[in-house]
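Chain and residue survey
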Amino acid sequence: MKQTVIVLLMSLIVGYSVALFADNDEHGERKQGDRKEGATKTGLTVTDATYLKECGACHFAYQPDLLPSQSWINMMNGLDKHFGENAELSEETRKTVLAYLSSHAAEHSTSWYAAKFMKSLKSGVVPARISEVPYFVKEHREVPKKLIAENPEVKSISFCNACHTDADTGGYREGKINIPNHGAWRD
Amino acid sequence: MRKIITATLLFPIAVYAATPLDTLFEEYRKAGAKEFSAETGKTFFYQEHKDEATGEMRACTSCHTKDLTKEGKQASTGKVIKPLAPSANPERLTSLEEMNKWLKRNCKWTVGRECTAQEKGDVLMFLKSQ
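Residues numbered from 1 in each chain as written. Chains lettered and ligands numbered in written order. Predicted model: local features only at pLDDT ≥ 70, side-chain atom pairs only at ≥ 80, totals over all residues.

Residues and elements named next belong to chain A. Within the largest apolar cluster, 17 residues are counted, with the highest numbers of intra-cluster contacts made by Leu-66, Ala-106 and Phe-117. For this core, the secondary-structure elements that each account for two or more residues are helix H3 (49–55), helix H4 (69–76), helix H5 (91–103) and helix H6 (112–120). Ranked by residues supplied to this core, first place goes to H6 with 3 residues. (Core = buried A, V, L, I, M, F, W, Y, C linked by C-beta atoms within 7 Å. Buried ≥ 20, exposed ≤ 12 C-beta atoms within 10 Å, placed from the backbone. Helix = DSSP H or I, 4+ residues; strand = E, 2+ residues; numbered from the N terminus.)

What follows deals with the interface of chain A and chain B. How big an interface is tends to be expressed through the accessible area that disappears when the partners come together. Listed by partner, the interface residues are 12 residues for chain A and 11 residues for chain B. Grouping the amino acids of the side of chain A that touches chain B by side-chain chemistry returns 4 nonpolar, 4 polar and 4 charged. (Contact = placed C-beta atoms within 7 Å. Nonpolar A, V, L, I, M, F, W, Y, C, P; charged D, E, K, R; others polar.)

Residues spaced three or four apart along an α-helix face the same direction, because each turn holds 3.6 residues. All names here are of chain B. Between its terminal C-alpha atoms helix H5 (residues 96–111) stretches 21 Å, which fits the 22 Å expected from 16 residues at 1.5 Å a residue. For H5, the set of buried residues is Asn-106, Trp-109 and Thr-110. Around the axis of H5, the buried residues are gathered within 85 degrees of arc, so they sit on the same side. Buried residues along H5 sit in contact with strand S1 (49–50) and strand S2 (57–58). Positive backbone phi, approximately 90 degrees, marks Gly-112, located one or two places after H5. (Expected span 1.5 Å × (residues − 1). Arc of directions from axis to C-beta.)

As a further point, take the confidence of the model for chain A. Residue and element names in this part refer to chain A. The pLDDT averaged across chain A works out to 88; a share of 87% of its residues lies at or above 70. The weakest mean pLDDT in chain A belongs to helix H2 (residues 38–42) at 62; the strongest belongs to H4 at 98. A low-confidence stretch, residues 31–38 (pLDDT under 50), is modelled with 7 contacts involving residues beyond four sequence positions or located in other chains. (pLDDT = per-residue confidence, 0-100.)

Let us look at the environment of Pro-83 of chain B. Residues and elements named next belong to chain B. Here Pro-83 is to be found in the loop between strand S4 (80–81) and H5. For Pro-83, a count of 19 C-beta atoms within 10 Å corresponds to the partly exposed category. Pro-83 has contacts with Leu-68, Thr-69, Lys-70, Glu-71, Ala-88 and Asn-89, leaving out every residue within four places of it along the chain.

Here's what the structure looks like:
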């Protein structure tokens with residue numbers, strides 16, 4: 001009888017712990033009630049057709065919420081030297097895209113995700129890349145080079161949609177990660 | 001008499017119906033370009049240039065590949081580029097803005113400078129035939 005009670009108690013404790021910790025949020029970042037899918041959870045969306053067309057022509061159209069406005073301003077003022085490429089636009093288009101990016105940048109965003117990005121930045125620091133933002137670095141700190149830079153189908157940590165299958169809907173949920181030549185992310 | 005009037009009235013329509021390609025060829029001619037050649041354009045398109053900053057060799061084919069009827073790939077990001085040949089992609093060479101935009105930035109990236117009116121005309125003549 002005593003042994004049965006102990007076994008039952010143990011399974012209760014184990015079962016409860018599993019339920020508590022098995023939601024892949026072991027760092028306790030997701031709050032209670034944050035159960036909505038994708039962009040409705042993160043608040044990250046790309047809404048400008050010009051930005052999508054012009055900038056999405058060569059790479060993933062990053063949500064403007066992920067960088068402070070000064071980063072976007074600097075970038076749009078130096079499109080001839082855009083990370084090794086020439087991405088020059090007509091002056092009219094450039095102004096349109098710049099207006100969209102700076103007005104939807106991190107400090108103007110309603111997304112809690114963007115708030116985390118902003119909060120992690122040291123005062124006065126203007127990141128050139130999303131992947132330089134301390135919060136981003138922290139979130140990706142456990143991913144080995146082998147899976148990113150040395151992975152021919154990923155190549156760079158800047159190509160979000162190579163692994164994040166819900167990048168374009170702004171989800172970035174851990175459960176939706178599918179790393180080429182590797183699979184889901186399990187830690 | 002009626003025919004003459006109709007022809008006179010319809011003539012301006014024919015003039016204003018110039019395609020974006022016609023507009024560009026005309027612009028290049030005004031800038032001093034001579035007769036355009038698809039052969040010269042092809043050679044230029046395939047030509048490799050050394051980038052001063054990185055030392056890497058670049059050509060239009062670096063992204064568009066040697067077969068313009070096939071999809072290309074952005075050299076850095078790997079993003080798929082729809083075929084450049086009008087025979088495979090009828091949208092090509094139909095937008096003045098698009099042609100000006102891509103010729104400007106891609107010449108600068110590939111050749112290290114803007115292409116001359118002659119070079120652009122030759123390349124467009126070549127692409128037109130693909």
